[in-house]
Amino acid sequence: MQPPEIGRSGGWDPVPGDEHTAHAVGNSGVHVVSTPHLIGFLEMACHHNIESLLAPGEATVGTRVEVDHLGAALPGRRLECRSRVEAFDGRTLKFSVRATQDGREIMRGRHERALVELDGFLQRLEKATGARPRG
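Draft legend 1. Up close: the sheet that holds strand β3 (residues 80-88). The strand order β1-β3-β4-β5-β2 describes an open sheet built from five strands, whose pairing is antiparallel. The open sheet has two edge strands with one neighbour each: β1 (9-12) and β2 (58-69). Between one strand and the next, the sheet's axes are offset by a mean angle of 25 degrees, whatever the strand orientation. For strand β4 (residues 92-101) and strand β5 (residues 104-117), the ladder comprises 10 bridges, and the chain directions are antiparallel. Bridged to Gln101 within β5 is Arg104. Across the sheet, helix α1 (residues 35-50) touches β1, β2, β3, β4 and β5, and the angle it forms with β3 is around 60 degrees. Strand contacts of helix α2 (residues 118-129): β2 and β5, with the helix running at about 90 degrees to β5, the strand carrying the most contacts.

Draft legend 2. Region of the structure containing the nonpolar core. Among the nonpolar cores identified, the biggest contains 20 residues, and Leu38, Ile50, Leu79, Cys81 and Phe95 are the most heavily contacted of them. Per-element accounting of this core gives the leading share, six residues, to α1. Not counting residues up to four positions away in its chain, the partners in contact with Cys81 are Gly10, Gly11, Trp12, Asp13, Pro14, Phe41, Leu42, Ala45, Arg98 and Ala99.

Draft legend 3. How the structure looks around unusual backbone geometry. Not every positive phi belongs to a glycine, and Asp102 is a case in point at roughly 55 degrees. Its location among the elements puts Asp102 in the loop between β4 and β5.

Draft legend 4. Highlighting the environment of Val116. Within the secondary structure layout, Val116 lies in strand β5. What makes Val116 buried here is its relative accessible area of 7%. Separated by 18 residues in the primary sequence, Val116 and Arg134 have C-alpha atoms spaced 18 Å apart. Those residues in contact with Val116 that sit more than four places away from it in its chain are Gly57, Glu58, Ala59, Val61 and Phe121.

Draft legend 5. Seen up close, the side chain of Asn49. Structurally, the position occupied by Asn49 is in helix α1. Taking relative accessible area as the criterion, Asn49 reaches 2% and is therefore assigned buried. Ignoring any residue separated from it by four or fewer positions in sequence, one finds Asn49 in contact with Arg8, Ser9, Gly10, Ser83, Arg84, Val85 and Phe95.

Scoring rules and cut-offs
- Residues numbered from 1 in each chain as written.
- Predicted model: local features only at pLDDT ≥ 70, side-chain atom pairs only at ≥ 80, totals over all residues.
- Heavy atoms only, no water.
- Pairing = 2+ DSSP bridges.
- Helix = DSSP H or I, 4+ residues; strand = E, 2+ residues; numbered from the N terminus.
- Axes fitted to C-alpha atoms, helices over the stretch in contact; angles between N-to-C directions.
- Contact = heavy atoms within 4.5 Å.
- Core = buried A, V, L, I, M, F, W, Y, C linked by side-chain atoms within 4.5 Å.
- Buried < 20%, exposed > 50% of the residue type's maximum accessible area, 1.4 Å probe, protein only.

As structure tokens, then:
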């Protein structure tokens, strides 16, 4: 991996659908974007921020999430998910993250990702579980 510059910013602007609501994952009647989906969107903002720096065969995986869910996000409206590289130690990437919708802050916090060599990562998983993910 090419070392990312501290302060490097990136983002992702998904439009969540009804399948991303709390209602869709079992919280009946709560038709707003669920906390787990918002966290996933922020993870993708971090991934998109640094993916161009990865060497062939490298990937990053999430290892830590610490967020405050500050407001409700509606399906069908664009979210602005942003990440900023705060630290990189050779294997661990630390980001600050923020999601807004229609100018309102929805979520903010920190996220960490680990740099992995993908084949070795999948081999260790297969050894530990007896299964290899499909894909």
